[in-house]
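Coordinate analysis (summary)
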Amino acid sequence: DAMVIQNPRYQVTQFGKPVTLSCSQTLNHNVMYWYQQKSSQAPKLLFHYYDKDFNNEADTPDNFQSRRPNTSFCFLDIRSPGLGDAAMYLCATRASGESSYEQYFGPGTRLTVT
Amino acid sequence: LAKTTQPISMDSYEGQEVNITCSHNNIATNDYITWYQQFPSQGPRFIIQGYKTKVTNEVASLFIPADRKSSTLSLPRVSLSDTAVYYCLVGAGEYGNKLVFGAGTILRVKS
């Protein structure tokens, strides 16, 4: 089945130690998103790629970076994680140009910062 | 992007119809309305999308009045497994690639 895969599902990192979360998709969608979701809060968009074009949200901290080496893969790099970065990180994809605005979400990676 | 307002939580019983209303007073002409469902520790899942009037699929209906300043998600005959957070999102047009999640509604279905 076509899907959005996130690895790892659970990630523990130390305060200030860089960490990378990965997302892959078999849907061949050209738009990919990264969301941060803290406990009992709604997902918050960090940035998205339209093909190779990177679109950063104005309030996304510089500590968060992203890479999209090809259509299938997208990475979220947190350069110096703080305790406040502990959250669920969700990757999603969408096919632009279609009449549906449905985003397909992965299962998420839960990040713990110690 | 249009801001959305939903009730924080709702309670229902199995077998009942549940209607969740979302306000989006500053919706733009080319904005679509989309609803997502999210279970704990899972990514959100698309439920339904609409632009105006009524849309129905196998799991829900979406009612949108003529002024499009609100929308109502209708879940027929809910079960315990429908207990989740439901998000109303409004967006499209030049922001067609970007959807902003509102606070969401926690639906609790009781037996």
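See above for the structure.
In what follows, the accompanying structure is described. Just so it is clear, the model here is predicted, and its values are computed rather than measured. (Residues numbered from 1 in each chain as written. Chains lettered and ligands numbered in written order. Predicted model: local features only at pLDDT ≥ 70, side-chain atom pairs only at ≥ 80, totals over all residues. Heavy atoms only, no water.)

This next bit is on the packing of aromatic side chains. All names here are of chain A. In this structure the tally under the stated criterion is 13 aromatic pairs over all chains. The interplanar angle of 50° and the centroid separation of 5.3 Å between the aromatic rings of Phe47 and Phe54 together place this pair among those described as tilted. Among the residues examined, Phe47 registers a relative accessible area of 0% and is labelled buried. Ring geometry for Tyr49 versus Phe54: centroids 5.2 Å apart, planes at 55°, classification tilted. (Phe/Tyr/Trp six-rings, centres within 6.5 Å; stacked < 30°, edge-to-face > 60°. Buried < 20%, exposed > 50% of the residue type's maximum accessible area, 1.4 Å probe, protein only.)

Moving on: the sheet that holds strand E2 (residues 18–23) of chain B. Residues and elements named next belong to chain B. With respect to topology, four strands assemble into an open sheet ordered E2-E7-E6-E5, the strand pairing being antiparallel. Each having just a single partner strand, E2 and strand E5 (53–56) make up the two edges of the open sheet. With direction set aside, neighbouring strand axes in the sheet form an average angle of 15°. Of the strand pairs in this sheet, E2 and strand E7 (residues 70–75) are connected by six bridges, and their pairing is antiparallel. In the strand pairing of E7, Val18 is matched with Leu75. (Pairing = 2+ DSSP bridges. Helix = DSSP H or I, 4+ residues; strand = E, 2+ residues; numbered from the N terminus. Axes fitted to C-alpha atoms, helices over the stretch in contact; angles between N-to-C directions.)

So, on to the interface of chain B and chain A. Contacts between the two partners involve 20 residues from chain B and, on the opposite side, 25 residues from chain A. Around 1,600 Å² of area is buried between chain B and chain A when both sides are counted, 52% of it from carbon and sulfur atoms. For the interface between chain B and chain A, the tally reads zero salt bridges. Within the residue set of the side of chain B that touches chain A, elements represented by two or more residues are strand E3 (31–38), strand E4 (45–50) and strand E8 (84–92) of chain B. Broken down by element, the residue count for the side of chain B that touches chain A peaks at four residues, all from E3(B). When the residues that make up the side of chain B that touches chain A are grouped by side-chain class, the tally is nine nonpolar, 10 polar and one charged. (Contact = heavy atoms within 4.5 Å. Buried area = accessible area lost by both parts, 1.4 Å probe. Salt bridge = Lys/Arg side-chain N within 4 Å of Asp/Glu carboxyl O. Nonpolar A, V, L, I, M, F, W, Y, C, P; charged D, E, K, R; others polar.)

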